[in-house]
Amino acid sequence: MRRNPPWAMVALLLLTAGLAAANTEENLRAHVGYLADDARQGRGIGTPGLREAADYIAAEFRSMGLKPAFEGSFFQPFEMGWGVALGPANHVKLGEARFDTSKGIMPLGFSSAATARGAVVFAGYGITAPEYEYDDFAEVQAEGKIVLCMTGEPGEFDTTSVFEGVSYTTHVTLRAKVSNAKLHGATALLVVEGPIYAGTAAEVLKPPRSDEPYMDCGIPAMRVTRATVSALFPEFDLESVQRFIDANTAPRSLELKSDTVEVAVDISRETVEVRNVAGIIPGDSDVIVIGAHYDHLGLGQSGSLDEKPGEVHNGADDNASGVASILEAARILKAEPIAASVLVVAFTAEEVGLGGSRQIVDHFPLSLDHVRIMMNLDMVGRVRENKLTVIGCKTAEEFPSLVDSAAAKTGLEVTCKGDGYGPSDHMNFYLVDKPVLFLFTGAHEDYHRSSDDADKINYADMTRVANFTADLTRAVDAHEQPLTFVKVSEPAQKGGRFRSSFGSIPDFSQPDSLLGMRLSGVREGGPAAQAGLTRGDLLRRLGKVTINNIYDLTYALQIYAPGDTVIVEFVREDELHSTTAILQPSTR
Ligand SMILES: [Zn+2]
């Protein structure tokens, strides 16, 4: 090369740079085209489309010459709880009368598989709402009994209701009703649609969805039809009772049956195998992680914002764009390797609780101690006005300047801000004290809808995101010292609906059979942290609420106010511990 005149060198460089740029855009288009094709069926958990997507990513890694990350394989398989299958023994029985799933009853997907026997009490809408001075359990003894309640809430659609009237409150969910019934000592919950709002259509009880993760609620819980209710309790006039409750916003609970009623739920939770896909560009012992999730919402599993799910959710921006970008960044880095090793990973099960990233953090193929940074790309295909948002900037002291220098090189207008919390895969790395950056081009109206299609992606600017990712990787690598990790003390995100905050971060990937809420971390300075709780602890009680799962915690945070001191019970290394915590106001 030395003998070539300088101009030839320049011409060659210009030519190859031009080619690389053109290739990147074409490659990105091909990757997104494949992953977001209708044939992938939205890459839902447990589907052939998701398997094909994983195979495609692995084939790309192989053709680029990446080293398999898992003992000769690009795949890291693991099992996750998914869907519910009905057994034959579901029933409600009173004397000779017996109802099963073919007639009049249907278990809820999050029911426990268990049998309860005893007296039945009717508890209106099953709601205890001190903020509306309303309590369906005020005048009825539910301890040790089976509770029957209605769906909905008092004065639904009535603008003069003491409840919110035109919009539902948090009390309306079946999860909240179950938590409240449990709090009042119920051994089982039966739910019937109240007749006033039901219309005239025949009651059809749908079986639980088979495309969702479920968390066991701790007691048997099922839907029953109005016909079943009248057959079981012929004296009971559900409609007039509901009219009374709604007209007066006053509870009208009562004992329905002192004889023994039997409620039996026979369901089993299925598991599916899912796979992370990861390859390595070998280097020294330092590790830089670049990741993006490749799963999406299938035909509109839970999480879809479509009015009527059922269409293919192609997830072109969420997150074929991120996967395409890390593939291209990997190709660019492979062509001119850096000193550190680069782990390139396509996560599975992000959409259902960050399962894949949790799995790889727990079973890391390289030295987790040597991870310098994790960069997560999730929805990077819609650059508008040249803008890219980088979240997590506060998690290392060096980030603002490193991000700036990479941005200057790529020409994107980068906003660099925020902590390491947030609902995508980088959070699982932040929770084990790694600096993280989350690249994102912004929310849009197609988010989590079937309209998130490949033709809406801005491929020209996405090439710059891929280049930025590679440049940022080089900048981090070139930095002599390890980055200075900063654990940021920051309030919870805005936009939720809870009044109190406990500052705990749930481990969404905990096994379904585990009763309690396992923590993947605690917010710095939050009540849980101050009470001494930490990652891995299993929360079992908050105040008077037994915590069987995250929904119970949500419920507990609704009934306690900021400033309340509550008893906290948690299991650490098989031992039950007890302490207290002072709840903080939620800024959500
Ligand atoms: Zn996503």
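Residues numbered from 1 in each chain as written. Predicted model: local features only at pLDDT ≥ 70, side-chain atom pairs only at ≥ 80, totals over all residues. Heavy atoms only, no water.

Looking now at the coordination of the zinc ion. The coordination sphere of the zinc ion contains the protein donors His 293 (NE2), Asp 318 (OD), Asp 378 (OD) and Asp 378 (OD), at a distance range of 2.0 to 2.6 Å. Considering all four donor atoms around the zinc ion, angles at the metal cover 52 to 146° and the coordination shape is irregular. One chain supplies every donor to the zinc ion, and in sequence these donors are spaced H-x24-D-x59-D. Of this pair, His 293 sits in strand E14 (residues 284-293) while Asp 378 is found in the loop between strand E16 (371-377) and strand E17 (387-391), placing the two residues 85 residues apart along the sequence. Across this residue pair, the class does not change: His 293 and Asp 378 are buried. (Donors = N, O, S within 2.8 Å, 3.2 Å for Na, K, Ca; no water. Tetrahedral: all angles 85-135°; square planar, octahedral: opposite > 155°, others 65-115°. Helix = DSSP H or I, 4+ residues; strand = E, 2+ residues; numbered from the N terminus. Buried < 20%, exposed > 50% of the residue type's maximum accessible area, 1.4 Å probe, protein only.)

Attention now moves to the environment of Val 344. Inspection of the secondary structure assignment puts Val 344 in strand E15 (residues 340-347). Given a relative accessible area of 0%, Val 344 falls into the buried group. Sequence-distant contacts of Val 344, defined by excluding residues within four places in its chain, comprise Phe 61, Leu 66, Val 277, Ala 278, Gly 279, Ile 290, Ile 326 and Ala 330. (Contact = heavy atoms within 4.5 Å.)

Cis geometry is found at the peptide bond from Asp 318 to Asn 319, where omega equals 5°. One non-glycine residue with positive phi stands out, namely Asp 433, at about 65°. Residue placement: Asp 433 occurs in the loop between helix H9 (426-430) and strand E19 (436-440). Its relative accessible area of 40% is what places Asp 433 among the partly exposed residues.

Next up on the list: the state of the cysteines. A covalent bond between the sulfur atoms of two cysteines is what we call a disulfide. By the definition in use, this model includes one disulfide. With its sulfur 1.3 Å from that of its partner, Cys 393 forms a disulfide with Cys 416. Where Cys 393 bonds to Cys 416 through sulfur, the torsion about that S-S bond is close to -45°, and the disulfide is left-handed. Of this pair, Cys 393 sits in the loop between E17 and helix H8 (399-410) while Cys 416 sits in strand E18 (residues 413-417), and the two are 23 residues apart along the sequence. Residue classification places Cys 393 among the buried residues on the basis of a relative accessible area of 4%. We note that Cys 149 lacks a disulfide partner, and the nearest cysteine sulfur, in Cys 217, lies 12 Å from it. Cys 149 sits in the buried class, given a relative accessible area of 0%. Classification of Cys 217 by relative accessible area gives buried; the value is 2%. (Disulfide = S-S within 2.5 Å.)

Take the pattern of salt bridges next. What the rule picks out here adds up to 28 salt bridges. Measuring nitrogen to oxygen at the nearest pair gives 3.2 Å for the salt bridge that ties Asp 286 to Arg 372. You can see Asp 286 sitting in strand E14 and its partner Arg 372 sitting in strand E16, a full 86 residues away along the chain. Classification of Arg 372 by relative accessible area gives buried; the value is 7%. One salt bridge connects Arg 331 with Glu 328, and the closest N-O pair in it is separated by 2.7 Å. Taken together, the residues Arg 331 and Glu 328, both in helix H6 (residues 316-335) and three residues apart, mark about one turn of the helix. If you follow the salt bridges from partner to partner, you end up with Arg 358, Asp 362, Asp 507, Arg 518 and Arg 535 in one network. (Salt bridge = Lys/Arg side-chain N within 4 Å of Asp/Glu carboxyl O.)

Before going further, it helps to examine empty space enclosed by the protein. What the rule picks out here adds up to two cavities of 30 Å³ or more. Estimates place the volume of the largest cavity at around 50 Å³. Within the residue set of the lining of the largest cavity, elements represented by two or more residues are H9 and strand E21 (504-506). Across the lining of the largest cavity, the residue classes break down as five nonpolar, four polar and two charged. Forming the boundary of the second largest cavity are Met 215, Pro 506, Asp 507, Phe 508, Gln 510, Met 517 and Ile 550. (1 Å grid on protein atoms, 1.4 Å probe; cavity = no way out; pocket = protein on both sides within 12 Å on 5 of 7 lines; lining within 4 Å. Points joined across faces, edges and corners; volume = space filled by probe spheres on them. Nonpolar A, V, L, I, M, F, W, Y, C, P; charged D, E, K, R; others polar.)

Here we come to the packing of H6 against helix H10 (residues 459-478). Helix packing for two helices is described by the angle between their axes and how far apart those axes are. The N-to-C vectors of H6 and H10 enclose an angle of 50°; their axes lie 8 Å apart at closest approach. Between H6 and H10, the angle is such that the two are oblique. Of the two possible hands of crossing, H6 and H10 adopt the one that is right-handed. Where H6 approaches H10, its residues Ser 321, Ala 324, Ser 325, Glu 328, Ala 329, Ile 332 and Leu 333 are matched on the opposing element by Met 462, Ala 466, Asn 467, Thr 469, Ala 470, Thr 473 and Arg 474. (Axes fitted to C-alpha atoms, helices over the stretch in contact; angles between N-to-C directions. Parallel < 35°, antiparallel > 145°, perpendicular 65-115°, else oblique. Left-handed = near helix turned anticlockwise from the far one by under 90°.)

Let's shift gears to the sheet that holds strand E5 (residues 105-107). Pairing between the strands of a sheet comes from backbone hydrogen bonds, and it takes one of two forms, parallel or antiparallel. Spatially, eight strands are ordered E4-E3-E12-E6-E9-E10-E11-E5 in an open sheet, and the strand pairing comes out mixed. Edge positions in the sheet fall to strand E4 (97-99) and E5, since each of these pairs with one other strand and no more. On average, each strand axis in the sheet is inclined to that of its neighbour by 30°, with strand direction left out of account. Inspection of the sheet shows strand E3 (residues 91-94) paired to strand E12 (residues 254-264) by three bridges, in the antiparallel sense. Among the inter-strand pairings, His 91 is bridged to a residue of E12, identified as Ala 264. Its contacts with the sheet place helix H3 (residues 174-183) against strand E9 (146-150), strand E10 (188-192) and strand E11 (221-224), and it is angled at close to 140° to E10. (Pairing = 2+ DSSP bridges.)

The next point concerns the side chain of Ser 304. One can find Ser 304 in the loop between E14 and H6. Judged by relative accessible area, which is 15%, Ser 304 ranks as buried. For Ser 304, the side chain forms a polar contact with the main-chain nitrogen of Asp 306, separated by 3.1 Å. Apart from the residues within four sequence positions on either side, Ser 304 is in contact with Leu 297, Pro 309, His 313 and His 448. (Polar contact = N/O pair within 3.5 Å; in protein donor to acceptor, adjacent residues only side chain to side chain.)

This paragraph deals with the packing of aromatic side chains. Aromatic ring pairs are reported here in terms of the distance separating the ring centres and the angle at which the planes meet. Taken as a whole and judged by the stated rule, the model has eight aromatic pairs. Where Phe 61 meets Phe 74, the ring centres are 5.9 Å apart and the plane angle is 45°; that geometry is what we call tilted. Residue Phe 61 is found in helix H2 (residues 48-64), and its partner Phe 74 is found in the loop between strand E1 (67-68) and strand E2 (75-86); the two are separated by 13 residues along the sequence. With respect to class, Phe 61 is no different from Phe 74; both count as buried. With 5.6 Å between their ring centres and 20° between their planes, Phe 438 and Phe 440 make a pair best called stacked. Across the pair, exposure class does not vary: Phe 438 and Phe 440 are buried alike. Through successive ring pairs, a cluster of aromatic residues spans Phe 347, Phe 364 and Phe 429. If you follow Arg 252 out to its NZ or CZ, it ends over the ring of Phe 244, 4.0 Å from the centre. In this structure, Arg 523 is placed above the aromatic ring of Tyr 421, and the distance from its NZ or CZ to the ring centre is 4.5 Å. (Phe/Tyr/Trp six-rings, centres within 6.5 Å; stacked < 30°, edge-to-face > 60°. Lys NZ or Arg CZ within 6 Å of the ring centre and 35° of its normal.)

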